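The primary structure of each chain is shown beneath.
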Amino acid sequence: MIELMNVTKTFTTGKKTVEALKDVSLRIKKGEIYGVIGFSGAGKSTLIRCTNLLERPTEGEVLIDGVDLTKLKKGQLRKERSKIGMIFQHFNLLSTATVYENVARPLKLSKVPKHEINERVEKYLKIVGLEEKQHVYPAQLSGGQKQRVAIARALAQEPEVLLSDEATSALDPNTTSSILELLLRVNKELGITIFLITHELDVIQRICDRVGVMHQGELVEEGSVIDVFTKPQHPQTKDFVFDDANFKVPDSIKKGLSATGRIISLTFIGSSSSEPFLAAITKKYEVVPSILAGGIDQLKANSVGKLLIHLQGDTAEVEKAISYLEEREITVEEVAS
Ligand SMILES: Nc1ncnc2c1ncn2[C@@H]1O[C@H](COP(=O)(O)OP(=O)(O)OP(=O)(O)O)[C@@H](O)[C@H]1O
Ligand SMILES: [Mg+2]
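In this text the structure is predicted, and so the values were computed from the model without any measurement.

**Quick word on the UniProt feature "domain: ABC transporter" (unreviewed entry) in the chain**
- Taking the UniProt record as the reference, the feature "domain: ABC transporter" (unreviewed entry) is found at residues 2–241.
- The annotated region residues 2–241 carries 38% helix and 28% strand content, and the separation between its end C-alpha atoms amounts to 26 Å.

This is the structure in structure tokens:
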């Protein structure tokens, strides 16, 4: 569906050049929700803007349904682009136009017949739950409602793909949830492929099927959300996954722990969270686990439990206990010794 092949983007301002994207390749399947996460400046917006050629890649190919957008003439590009809708962090609504007009305007510009514009505006405002607000102006709407208008505007063009650049970053947690629910529904009921970028792990966890991690212009890790979340490989990914206040052990606590043993984090998927594996290792080996922190995260397809423990005991016994856990598909990470 969407294929980025060896995409590089270099910005030059005066004497300075910035390599915003370095040889990025990724493939998004039809009907999938694919998220890219990265810190500020990682190149996320550049990546998504290269996907619809709002930004032209310096090198590489951008294929939508097998058609390389970088090779198209203006007219053809406009046609291919109509398959791609986009939403933004700050909604980008016209403040001087009503909700109805905001959704209708791009349709007028692409010369959709009048009666059909009417039908589509009504249909998509209904889908986003704003049919009552047709005649108000953006200033009279909440942030979440503005984003719903922007989503209706994108959907009204009946795209195959929806690109989202931090669509929930300006919203409070409850409103974020309702917009994420809406995106899930749009994906499921209308079959629209979604490619989103975010700096919030929560957004990835809740709605994405697969995730890519960007760091300094490179895609450093990629995989199903559950794999990346439970077995992060790259240090940057680990930073996201363990960037939880609970998983940083205060020095005062560290000092109080016995010097023999290790502090480890355990990550386990779904049902294995209910197995008494801590009890099992205390019985089998000469180790004493103490729980420092824990929690369960709900992903789109599964739940993931995390525990931070101090495992007291001789090196050899601790090693054996860790092997036992790993054999049970529990991911063990050393946090600090
Ligand atoms: N038009 C531009 N001209 C020059 N440099 C740019 C331009 N757009 C982006 N950059 C640079 O490219 C790099 C990546 O920027 P980008 O906006 O893609 O990051 P981002 O991951 O979206 O960050 P954020 O989370 O802050 O939105 C940054 O160093 C940025 O300064
Ligand atoms: Mg950005």
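**Remarks on the site of ligand 1**
- Residues in contact with ligand 1, as listed here, are Phe11, Val18, Ala20, Phe39, Ser40, Gly41, Ala42, Gly43, Lys44, Ser45 and Thr46.
- Side-chain polar atom of Ser45 to an oxygen atom of ligand 1: 2.9 Å apart, as the coordinates give it.
- Protein contact buries 60% of the 640 Å² of open area that ligand 1 shows by itself.
- Elements with a minimum of two residues in the shell around ligand 1: β2 (16–28) and α1 (44–51).
- Across the shell around ligand 1, the residue classes break down as 5 nonpolar, 5 polar and 1 charged.

**A word on the packing of helix α5 (residues 143–155) against helix α6 (residues 173–190)**
- Packing of α5 against α6 brings their axes to within 10 Å, and their N-to-C directions diverge by 15°. The angle between α5 and α6 places the two elements in the roughly parallel class. Handedness of the α5/α6 crossing: right-handed. For the pair formed by α5 and α6, the contact residues are Gly144, Gln147, Arg148, Ile151 and Leu155 on the first element and Thr175, Ser178, Ile179, Leu182, Leu183, Val186 and Leu190 on the second.

**Brief notes about the nonpolar core**
- Ranked by internal contacts, the top residues of the largest apolar core, which has 52 residues, are Ile87, Val121, Leu125, Ile151, Leu183 and Leu196.
- Counting residues per element, this core draws most heavily on α5, at 6 residues.
- Setting aside anything within four residues of it in sequence, one finds Leu125 in contact with Val99, Val103, Leu130, Glu131, Gln134 and Ala152.

**Considering the pattern of salt bridges**
- Considering all chains together, one arrives at 20 salt bridges under this definition.
- As a salt-bridge pair, Asp209 and Lys300 come within 2.9 Å of each other at their nearest N and O atoms. Remark: Lys300 occurs in the loop between β12 (288–298) and β13 (303–312) and Asp209 occurs in the loop between α7 (201–207) and β9 (210–215); sequence separation between them is 91 residues.
- One continuous salt-bridge network, built from bridges that share partners, spans Lys9, Arg49 and Glu55.

**Focus on the packing of helix α3 (residues 99–109) against α5**
- Where α3 contacts α5, the axes come no closer than 8 Å and their chain directions differ by 30°. Taken as axis vectors, α3 and α5 run roughly parallel relative to one another. As α3 packs across α5, the resulting crossing turns out to be right-handed. Along its contact with α3, which presents Val99, Asn102, Val103 and Pro106, the element α5 presents Val149, Ala152 and Arg153.
- Looking at the contact of α3 with α5 residue by residue, the class counts come to 5 nonpolar, 1 polar and 1 charged.

**Some words on the domain arrangement of the chain**
- The domain architecture assigned to the chain consists of domain 1 (2–241) and domain 2 (244–334).
- Here the C-alpha centre of domain 2 lies 38 Å away from the C-alpha centre of domain 1.
- In this assembly, 16 residues from domain 1 lie in contact with 11 residues from domain 2.
- Counting across the interface, domain 1 meets domain 2 through 2 salt bridges.
- Summed over the shared surface of domain 1 and domain 2, the result is 5 residue pairs in polar contact (both at pLDDT 80 or more).

**What about a negative patch on the surface?**
- Residues Glu19, Asp23, Glu59 and Glu218 make up a contiguous surface patch of negative charge.
- In this fold, Asp23 is placed in strand β2.

**Looking at the packing of aromatic side chains**
- According to the stated counting rule, one finds 4 aromatic pairs in the structure shown.
- Geometrically, the ring pair formed by Phe39 and Phe240 is stacked, given 4.3 Å between the ring centres and 20° between the ring planes. In this pair, Phe39 is assigned in the loop between β3 (33–38) and α1 and Phe240 in helix α9 (residues 235–241), connecting sequence segments 201 residues apart.
- Its relative accessible area of 8% is what places Phe240 among the buried residues.

About the cut-offs
- Residues numbered from 1 in each chain as written.
- Chains lettered and ligands numbered in written order.
- Predicted model: local features only at pLDDT ≥ 70, side-chain atom pairs only at ≥ 80, totals over all residues.
- Heavy atoms only, no water.
- UniProt positions renumbered as here; feature names shortened; annotations may be inferred.
- Helix = DSSP H or I, 4+ residues; strand = E, 2+ residues; numbered from the N terminus.
- Near = heavy atom within 4 Å.
- Polar contact = N/O pair within 3.5 Å; in protein donor to acceptor, adjacent residues only side chain to side chain.
- Areas by Shrake-Rupley, 256 points an atom, 1.4 Å probe, with all protein chains shown as cover.
- Nonpolar A, V, L, I, M, F, W, Y, C, P; charged D, E, K, R; others polar.
- Axes fitted to C-alpha atoms, helices over the stretch in contact; angles between N-to-C directions.
- Parallel < 35°, antiparallel > 145°, perpendicular 65-115°, else oblique.
- Left-handed = near helix turned anticlockwise from the far one by under 90°.
- Contact = heavy atoms within 4.5 Å.
- Core = buried A, V, L, I, M, F, W, Y, C linked by side-chain atoms within 4.5 Å.
- Buried < 20%, exposed > 50% of the residue type's maximum accessible area, 1.4 Å probe, protein only.
- Salt bridge = Lys/Arg side-chain N within 4 Å of Asp/Glu carboxyl O.
- Domains from an automatic or database assignment.
- Patch = residues over 30% accessible without salt bridge, like charges linked within 9 Å, V, L, I, M, F, W, Y side chains within 5 Å.
- Lys, Arg positive; Asp, Glu negative; His and termini not counted.
- Charge placed at Lys NZ, Arg CZ, Asp CG, Glu CD.
- Phe/Tyr/Trp six-rings, centres within 6.5 Å; stacked < 30°, edge-to-face > 60°.

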